[in-house]
Amino acid sequence: MEQLERIGISLDQTLLSAFDQLATKQGYQNRSEAIRDMMRRQISTEKLADPNAQAVAVVCLVFNHHSAKLVQKLTALGHSHLLQTICSMHVHLDRCDCMEVIVLKGRCGQIKKIAERLLSHKGVKLGNINMIAAEQSH
Ligand code: NI
């Protein structure tokens, strides 16, 4: 474990109060953990501005399983991006709809391109991308 540094910061009461309320609402037990997570999130977001940054992403797609062409295309796309595709999971949501959860790893720019191609496929009803920088600063 890395050595801990103690720091002191100055801020006005209104800002501190708003921060404490947010941290409590989000379930944090103490300020330090809330501040650490906020710093990590900001650093991760900043890293993802660089298309060459290493990242991992979860792409979630909801589609009608009757569109067989889409299922074929998803499989083909996965095989053509083997280096980026870590795994995928299929969930049968109801009689018609399925959800595919795909985990991608690689350069941020490439992941975005692949994910956007998946989301814009005909037959995909709903979807989103969640991406974080792969190399985290602690
Ligand atoms: Ni299904």
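Scoring rules and cut-offs
Residues numbered from 1 in each chain as written. Predicted model: local features only at pLDDT ≥ 70, side-chain atom pairs only at ≥ 80, totals over all residues. Heavy atoms only, no water. Domains from an automatic or database assignment. Patch = residues over 30% accessible without salt bridge, like charges linked within 9 Å, V, L, I, M, F, W, Y side chains within 5 Å. Areas by Shrake-Rupley, 256 points an atom, 1.4 Å probe, with all protein chains shown as cover. Salt bridge = Lys/Arg side-chain N within 4 Å of Asp/Glu carboxyl O. Helix = DSSP H or I, 4+ residues; strand = E, 2+ residues; numbered from the N terminus. Donors = N, O, S within 2.8 Å, 3.2 Å for Na, K, Ca; no water. Buried < 20%, exposed > 50% of the residue type's maximum accessible area, 1.4 Å probe, protein only. Lys, Arg positive; Asp, Glu negative; His and termini not counted. Polar contact = N/O pair within 3.5 Å; in protein donor to acceptor, adjacent residues only side chain to side chain. Contact = heavy atoms within 4.5 Å. pLDDT = per-residue confidence, 0-100. 1 Å grid on protein atoms, 1.4 Å probe; cavity = no way out; pocket = protein on both sides within 12 Å on 5 of 7 lines; lining within 4 Å. Points joined across faces, edges and corners; volume = space filled by probe spheres on them. Nonpolar A, V, L, I, M, F, W, Y, C, P; charged D, E, K, R; others polar. Core = buried A, V, L, I, M, F, W, Y, C linked by side-chain atoms within 4.5 Å.

1. Comments concerning the domain arrangement of the protein chain
Taken domain by domain, the protein chain holds domain 1 (13-47) and domain 2 (54-133). Just the C-alpha atoms count here: the centres of domain 1 and domain 2 sit 31 Å apart.

2. Comments concerning a nonpolar patch on the surface
There is a patch of nonpolar side chains on the surface, built from Ile7, Ile9, Leu11, Leu15, Ile35, Met39 and Ile43 and spanning about 680 Å² of accessible area. With three residues, the single largest contributor to the nonpolar patch is helix 2 (residues 31-47). Looking at the secondary structure, you find Met39 in helix 2.

3. Here we look at the coordination of the nickel ion
Taken together, His90 (NE2), His92 (ND1) and Cys98 (SG) make up the protein donors of the nickel ion, found 2.1 to 2.3 Å from the metal. Within one chain, the residues donating to the nickel ion are spaced in sequence as H-x1-H-x5-C. With relative accessibility at 63%, the residue His92 sits in the exposed group.

4. Some points on the side chain of Glu100
In this structure, Glu100 sits in strand 3 (residues 97-107). No salt bridge is formed by the buried Glu100; its nearest oppositely charged neighbour, Lys125, is found at 14 Å. Among the polar contacts made by the side chain of Glu100, one reaches the side chain of His90 at a distance of 2.8 Å. Not counting residues within four places of it along the chain, the set of residues in contact with Glu100 comprises Val59, Cys60, Leu61, Phe63, Ser88, Met89 and His90.

5. Regarding the confidence of the model for the protein chain
Mean pLDDT over the protein chain stands at 90; residues scoring 70 or higher make up 98%. Per-residue pLDDT, averaged within each element of the protein chain, yields its smallest value for helix 3 (residues 68-80) (80) and its largest for helix 1 (residues 13-25) (96).

6. Here's the deal with the layout of surface pockets
Which parts of space are left empty comes out when a probe the size of a water molecule is rolled across the atoms. By volume, the largest pocket is sized at about 980 Å³. What lines the largest pocket is a set of 22 residues, and nearest its centre among them are Glu5, Ile7, Ser32, Ile35 and Arg36. When contributions to the lining of the largest pocket are tallied by element, the ones reaching two or more residues are helix 1 and helix 2. By residue number, the principal contributor to the lining of the largest pocket is helix 2, which donates eight residues. Considered class by class, the residues forming the lining of the largest pocket number 12 nonpolar, four polar and six charged. Here the second largest pocket defines a volume of roughly 260 Å³. Elements supplying a minimum of two residues to the lining of the second largest pocket: helix 3, strand 2 (85-92), strand 3 and helix 4 (108-119). Considering every element that reaches the lining of the second largest pocket, the biggest residue donor is helix 3, with six residues. Its residues assigned to classes, the lining of the second largest pocket comprises nine nonpolar, six polar and one charged.

7. Some points on empty space enclosed by the protein
All told, the structure shown has one cavity of 30 Å³ or more when counted by the stated rule. Looking at the largest cavity, the residues that line it are Phe19, Leu22, Ala23, Gln26, Tyr28, Ala34, Met38 and Arg41. Only helix 1 and helix 2 provide two or more residues apiece to the lining of the largest cavity. Here the lining of the largest cavity is composed, by residue class, of six nonpolar, one polar and one charged.

8. Looking at the nonpolar core
Counting 21 residues, the largest nonpolar core has Val59, Leu61, Leu118 and Met131 as its most contacted members. Look past the residues within four positions of Leu61 in its chain and what remains in contact with it is Leu74, Cys98, Met99, Glu100, Ile102, Leu118, Leu119, Val124, Leu126 and Gly127.

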